[in-house]
Structures are given as structure tokens and as C-alpha cells.
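Working through the structure, step by step
Residue strings, one per chain:
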Amino acid sequence: MKAPTTIKLSSSVLFLLFMSACADKPVQENPIPVSPWGGSYTFSYTPAEQKEVTPVKINLAILTPSYKEDGSAFSDQTYAKVGRGFATSMASDLNKILISKGVTTMGPYASHDEITLADKKDISLILAPKILITTQVIYLDANGNIDHYGNRGNYSTNDVVNSRSGRHGKRNTTSSANSSVKNGRQFMLKVNGTITFIIKNISSEESLWVKKFDLEEVVSGGREINTKGTVEYDGKPDALADAIKQDYPLMMDYFTKSISSEVLLKLRKDAKQMHRQKKHY
């Protein structure tokens, strides 16, 4: 019986085989970023636990926050998904906050018109928040300076310096999807806004209580990637979501501290008084 034949390959042949295998797997030097948000822009807030919660005899309806106000960035299709996710998340978390204070809630409803007549008989008050977010995009050149040819409006180097250093209350965040990408168009996204919490009379829709939370300006960075006129990746929605995420706990904390069972009971009393006065006249 003959021993099995051993085949020996030269190092040059092995190298060619290795290169042939590699050729089947092309390496992409600058891959298109994958959004860390996954196209689903949701935010979360957990209210502090209340040791003893006394039930409040109030049924309060929650409306999904109005977020397409005049001048709002969410009116732009670019940011539409962020706006929807932001409003839906806020409605859910406002509900959690009120329940943690012993309030019976109903909703969230998309609008006042969606509250049925049967539900209105049980509801005392309506919480109808409004979201106004504004954005300003400033494109940068390869060196991180203002690209005067790519922007509309006049900007100075201070716009970049102040934003990076956090001066004038500005804070920084960089979208994690863009940090390793070398190609594309770099930008800064300045984000400002106001969240208005409004409690209304269920019957007349008159405002009984208004509190405003002004967002501290946040500067968020990112990139756009274009190939032959086609946008392959637009980092602006992610950049806006990153900026909102910074202020989201602050706006929820503000509402938590502003509202109380005592405030709600007084508002319900005021609403009943307004209703009696209208009946009298």
C-alpha cells in the first residue's frame, strides 16, 4: 500500500490564492454610516418613585403634543420622523408623571376632536402641550471652518469657536453615526426651542395653566454624504435627535416640579366656576 502523496505549494502560489479570496470581498474604505437611532426616534423618562401617593379625584385627558407649529423644524420633511417620535414619547412620559402623582389619566388623544362625548363627561381637564423646535444648519469645510460658499447667510469663525467651547450657554454633541466617516459634508446644527405645557378647560378649551420651558441651545454635529447628486446619508435628523436627547430629561423634570395635586385641584375648581358663570349668562 502506497503512502498518501503530500502536495507542497510554494509561497507564491499561496499568496495568489490568498489574494484571490480577498478579491471576492471588496473592502469599503468609507462605509455609509448606520444611524444609531435606527430610524425610530424615541425618548424615555422615568419619574421618581413616590413613597406615598394619594389618589386625586381628577380625570385628566392628555393630548399628543402639537409639534408642527409655525416656524417649527418639524414642518420640514427632513425632521418629520424625529418630530413624531418626540411628540409620542412626550405624551407617554407625561402620562407616567401624572399617574405617579395619583392622577387618573385618559388618552393620549391625537386632538381635542378625538375625545368622544362619553369620555368628555368623565374628564375634568385637558393637558395640551406644544413643541416648538428651531434649527440652523452651518456647513463646514474640510478644515472645520465655516464654508462660506455652502451656507445661506453670514457666519463668522466665532460661530464655530463659541459652539465648540460651549460659550453663551451652548453645548455640544456629536452624532455617533458620523464620527468615523471621512467623506461627506460636515455641518453644525444649532437647536433651540420652547416646550409649552397647557392645561385647558374641557368644555371651553380655555387655557387655565401655562408653563414654558426654554431649551438651552445645543450644537450638534454631523455629516451629509452625497454621491453624484444622490443623498446617501443625511445626518441632520440624527443630529437633531441627539440634541433633543440632552434636554429631554430637563423638560420632563420641569413639568414634574411644576405640576402637583394641589395645582390640579385648584384648576378643576376654576374650570367648574367658569362653567357656572357661562351658564348664568
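Residues numbered from 1 in each chain as written. Predicted model: local features only at pLDDT ≥ 70, side-chain atom pairs only at ≥ 80, totals over all residues. Heavy atoms only, no water.

Topic: the overall build of the protein
Across its full length, the protein holds six helices and eight strands. The secondary structure elements of the protein, listed N-terminal to C-terminal, are α-β-α-β-α-β-β-α-β-β-β-β-α-α. The proportion of buried residues among the 281 residues of the protein is 42%. A fraction of 78% describes how many contacts in the protein between residues 6 or more apart in sequence connect residues 24 or more apart. (Helix = DSSP H or I, 4+ residues; strand = E, 2+ residues; numbered from the N terminus. Buried < 20%, exposed > 50% of the residue type's maximum accessible area, 1.4 Å probe, protein only. Contact = heavy atoms within 4.5 Å.)

Details of unusual backbone geometry
Proline 108 follows glycine 107 through a cis peptide bond whose omega is 10°. The phi torsion at glutamate 205 lies on the positive side, around 65°, for a residue other than glycine. Within the secondary structure, glutamate 205 is located in the loop between β6 (185-201) and β7 (207-227).

Some remarks on the environment of glutamate 224
Inspection of the secondary structure puts glutamate 224 in strand β7. A relative accessible area of 8% means that glutamate 224 is categorised as buried. Note: C-alpha distance between glutamate 224 and glycine 184 (40 residues apart in sequence) is 5.4 Å. Among the polar contacts made by the side chain of glutamate 224, one reaches the side chain of tyrosine 139 at a distance of 2.5 Å. (Polar contact = N/O pair within 3.5 Å; in protein donor to acceptor, adjacent residues only side chain to side chain.)

Focus on the pattern of salt bridges
Enumeration according to the criterion identifies four salt bridges in this entry. Its salt-bridge partner being lysine 96, residue aspartate 93 comes within 3.2 Å of it at the nearest N-O pair. Taken together, the positions of aspartate 93 and lysine 96, both in helix α2 (residues 80-100) and three residues apart, correspond to about one turn of that helix. The exposure class assigned to lysine 96 is partly exposed, which follows from its relative accessible area of 35%. Across the pair glutamate 224 and lysine 236 runs a salt bridge, and its minimum N-O distance is 2.5 Å. Pair noted here: glutamate 224 is in strand β7 and lysine 236 is in helix α5 (residues 236-258), with a separation of 12 residues, a long-range link. Lysine 236 carries the same exposure label as glutamate 224, and that label is buried. Overlapping salt bridges bring together Glu224, Asp234 and Lys236 as one network. (Salt bridge = Lys/Arg side-chain N within 4 Å of Asp/Glu carboxyl O.)

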